[in-house]
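Listed here are the chains, written in short residue letters.
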Amino acid sequence: MTTYFLRHLQVLFQSLGRLARTPFASLMTIAVISITLALPSGLHVLLENARAVTSGWEGGAQISLFLKRDTSDQVARALAEQLQRSSRVAKVDYISRTAALEEFKRLSGFGQTLNALERNPLPPVLVVYPMVGGPTPVDLESLVAEFNRVGDVEIAQLDMQWVKRLRAILNLAQRGVVLLGVLLGIAVLLIMANTIRLAILNRRDEIEVIKLIGGTDGFIRRPFLYEGVLQGLVGAAGAWIVVHTTLVLMADPIRRLASLYASGYELRGLGLLASLGLLAAGGLLGWTGSWLAVGRHLRAIEPR
Amino acid sequence: MIQVSHLHKRYPGGHDALRDVSFELADGQMAFLTGHSGAGKSTLLKLITLIERPSRGQLIVNGKNLGKYRRRRIPFLRRQIGIVFQDHKLLYDRTIFDNVALPLIVSGHRHQEIARRVRAALDKVGLLAREKMYPIELSGGEQQRVGIARAVVNRPPLLLADEPTGNLDAELSDEIMDLFHSFNQHGVTVLVATHDLRHIRRLNMPIIELKNGSLVRTTVAEA
């Protein structure tokens, strides 16, 4: 058992030594793998940050209750008070028909034209801010349905459509990043397979001699698999460095942008789990790539 | 050690390299495999080491029938056979020590054991002082002796050599052949392919002579 372990350790150091002896070629391969892996990782980080930023926006959800046009001020205020008492509602603003018209005149720029109207066309509105982030999560959809059943309410509308759309876009982007990741993963696999193929052809004589003196296929395969795993791992570490260097370079402009929105948002990098995942993916791709190459080319090299 | 009966080898393309060859080399025997070039000496050695497969006939090496030997088992068969090549087949990016150690590393020996056996093998061929050098720094005769040390370091019961003295002058050739002889005296079965009749006369060993793939004369037992 210890002999087996020692032998693997020996092969590991042999492979390290071999990579170090051809630093330029090794670095080229590792750099290509780094860049290839950095692209999906970087996009993943970007998406995660977008998600984190927009998750705060759910608190901005508000439900507009458009009351029936003939609802009186008193009834509207009473309803507002009644709603206010619900544990699921944080705040209720009442906008009377007059106030609504004033606001519309001010914001729409139709001021004079609106004066020509015989009567105020706008309904009174209750703006309800649901209790978000409380002890029990509020189901906004069912709340809206409930409001719609209240007699004085013409229609209740959740102003969150655009947040939903943004979510949908982010989900779509996520899917795109996954697909891109798969494609680039395959690219890493092929790069590795080709690198190992060249390494095998370079050491044709050695493989032939080892086969002649009784080396098993496993013995011959081992150093190539180690080379693949090592280059994959170092490539993944390189990708991590690329992503985090980019984040450091972007941190300042992001901070300035965030401060313009009065937000103290700080960019997040790859978490521990994602970093380990990146390394594992690099190692696995390197191993698989070299395994493919070795399986294919080792049989072709037989002593003559 | 080697039992050959009615052995045929036809290469793809129809060339008959061996036709109906039969002989037996007993355990601990030493013999010369001879004949002009193209007579089938190399083919016979390739069949014994399973580099090639026989077309017909039976070939038994060290008690194993090579006719239907499984590919996966081949490495373990080759560990029982020391092979010496005309062109040495040394690895030029490794030291003499590492070259000789290769068969032991391949079969998974312990580190201390490897060092001990490599030095013993190098000592036997008189190159102990050169263990840290690279093959390129040695003369042709010395390189061949490294090849022999590598072939015997695993203490195989059978030693094969394909024209081991092909590129060497007479004096160096004699030294190499004497080495094979001394291994034989220590109980190793030895089969040396050579077209140099001088050695055969000098050492007075049994011969197996091939001509155009057929056995024409042998002084070992005919199976």
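Nothing here was measured: the structure is a model prediction, and the numbers come from that model. (Residues numbered from 1 in each chain as written. Chains lettered and ligands numbered in written order. Predicted model: local features only at pLDDT ≥ 70, side-chain atom pairs only at ≥ 80, totals over all residues. Heavy atoms only, no water.)

1. Description of the sheet that holds strand E4 (residues 56-61) of chain B
All names here are of chain B.
Then comes step 1: Read from one edge of the open sheet, 4 strands run E2-E1-E4-E5, paired in antiparallel fashion. Pairing within the sheet leaves two strands with one partner each, and these edge strands are strand E2 (16-25) and strand E5 (64-65).
Then comes step 2: With 5 bridges joining them, strand E1 (residues 2-10) and E4 adopt antiparallel strand pairing. Residue pairing in the sheet places His-8 in a bridge with Arg-56 of E4. (Pairing = 2+ DSSP bridges. Helix = DSSP H or I, 4+ residues; strand = E, 2+ residues; numbered from the N terminus.)

2. Here's the deal with the sheet that holds strand E1 (residues 63-67) of chain A
Residues and elements named next belong to chain A.
Then comes step 1: Pairing in this open sheet of 4 strands is antiparallel, and the strands run E2-E3-E1-E4 from one edge to the other. Two strands bound the open sheet, and with one partner strand each, they are strand E2 (89-95) and strand E4 (153-158). Adjacent strand axes in the sheet meet at a mean angle of 20°, parallel and antiparallel pairs treated alike.
Then comes step 2: Bridge analysis of E1 against E4 gives 5 bridges, and the strand direction is antiparallel. Bridging across to E4, Leu-67 finds its partner in Val-153. (Axes fitted to C-alpha atoms, helices over the stretch in contact; angles between N-to-C directions.)

3. Notes on the environment of Leu189(A)
Residues and elements named next belong to chain A.
Then comes step 1: Inspection of the secondary structure assignment puts Leu-189 in helix H7 (residues 161-202).
Then comes step 2: A residue is classified by how much of its surface remains accessible, and Leu-189, at 17% relative accessible area, is buried.
Then comes step 3: Distance from Leu-189 to Gly-286, taken between C-alpha atoms, is 6.5 Å for residues 97 residues apart in sequence.
Then comes step 4: With sequence-adjacent residues up to four places away left out, Leu-189 is seen in contact with Leu-285, Thr-288, Gly-289 and Leu-292. (Buried < 20%, exposed > 50% of the residue type's maximum accessible area, 1.4 Å probe, protein only. Contact = heavy atoms within 4.5 Å.)

4. Looking at the nonpolar core
All names here are of chain B.
Then comes step 1: Ranked by internal contacts, the top residues of the largest apolar core, which has 38 residues, are Phe-32, Val-100, Val-118, Leu-159 and Phe-180.
Then comes step 2: Where this core is concerned, the elements lending two or more residues are strand E3 (30-34), helix H3 (96-106), helix H4 (111-124), helix H5 (140-152), strand E7 (158-162), helix H6 (170-185), strand E8 (189-193) and helix H7 (197-203).
Then comes step 3: In this structure Val-100 touches Val-118, Ala-121, Leu-122, Val-146, Ala-149, Arg-150 and Val-153, once residues within four positions along its chain are discounted.
Then comes step 4: Core analysis: the next-biggest nonpolar cluster, separate from the first, contains 34 residues, Val-4, Val-21, Leu-66 and Ile-208 among them. (Core = buried A, V, L, I, M, F, W, Y, C linked by side-chain atoms within 4.5 Å.)

5. Digging into the packing of aromatic side chains
Residues and elements named next belong to chain A.
Then comes step 1: This structure, assessed with the given rule, holds 1 aromatic pair over all chains.
Then comes step 2: Considering the side-chain rings of Trp-287 and Trp-291, the 6.3 Å spacing of their centres and the 15° angle between planes classify their relative orientation as stacked. Taken together, the positions of Trp-287 and Trp-291, both in helix H10 (residues 272-297) and 4 residues apart, correspond to about one turn of that helix.
Then comes step 3: Among the residues examined, Trp-291 registers a relative accessible area of 42% and is labelled partly exposed. (Phe/Tyr/Trp six-rings, centres within 6.5 Å; stacked < 30°, edge-to-face > 60°.)

6. Concerning the packing of helix H9 (residues 217-260) of chain A against H10(A)
All names here are of chain A.
Then comes step 1: Axis separation between H9 and H10 bottoms out at 7 Å; the angle between their running directions is 145°. The handedness of the crossing between H9 and H10 is right-handed. Where H9 approaches H10, its residues Arg-221, Phe-224, Leu-225, Gly-228, Val-229, Gly-232, Leu-233, Ala-236, Ala-237, Ala-239 and Trp-240 are matched on the opposing element by Ser-275, Leu-278, Leu-279, Gly-282, Gly-283, Gly-286, Trp-287, Ser-290, Trp-291 and Val-294.
Then comes step 2: In terms of residue class, the contact of H9 with H10 is built from 13 nonpolar, 7 polar and 1 charged. (Left-handed = near helix turned anticlockwise from the far one by under 90°. Nonpolar A, V, L, I, M, F, W, Y, C, P; charged D, E, K, R; others polar.)

7. Quick notes on a positive patch on the surface
All names here are of chain B.
Then comes step 1: Residues Lys-64, Arg-70, Arg-72 and Arg-73 make up a contiguous surface patch of positive charge.
Then comes step 2: Along the chain, the position of Arg-70 falls in the loop between E5 and helix H2 (74-78).
Then comes step 3: Overall, the relative accessible area of 52% leaves Arg-70 in the exposed class. (Patch = residues over 30% accessible without salt bridge, like charges linked within 9 Å, V, L, I, M, F, W, Y side chains within 5 Å. Areas by Shrake-Rupley, 256 points an atom, 1.4 Å probe, with all protein chains shown as cover. Salt bridge = Lys/Arg side-chain N within 4 Å of Asp/Glu carboxyl O. Lys, Arg positive; Asp, Glu negative; His and termini not counted. Charge placed at Lys NZ, Arg CZ, Asp CG, Glu CD.)

8. Quick look at H5(B)
Then comes step 1: When the terminal C-alpha atoms of H5(B) are compared, their 19 Å separation across 13 residues agrees well with the 18 Å that a helix rising 1.5 Å per residue should span.
Then comes step 2: The buried fraction of H5(B) amounts to 12 of the 13 residues, a majority that puts the element mostly inside the structure.
Then comes step 3: Among the residues making up H5(B), those that are buried are Gly141(B), Glu142(B), Gln143(B), Gln144(B), Arg145(B), Val146(B), Gly147(B), Ile148(B), Ala149(B), Arg150(B), Ala151(B) and Val152(B).
Then comes step 4: Looking at the buried positions of H5(B), the neighbouring elements they touch are helix H8 (204-212) of chain A together with strand E6 (81-84), H3, H4, E7 and H6 of chain B. (Expected span 1.5 Å × (residues − 1).)

9. Regarding the pattern of salt bridges
Then comes step 1: A full pass over the atoms with the stated rule returns 23 salt bridges over all chains.
Then comes step 2: Two residues, Asp16(B) and Arg10(B), come together in a salt bridge whose shortest N-O distance is 2.9 Å.
Then comes step 3: Owing to a relative accessible area of 49%, Arg10(B) belongs among the partly exposed residues under this scheme.
Then comes step 4: Taken together, the shared-partner salt bridges connect Arg18(A), Arg203(A), Glu206(A), Glu227(A) and Arg94(B) into one network.

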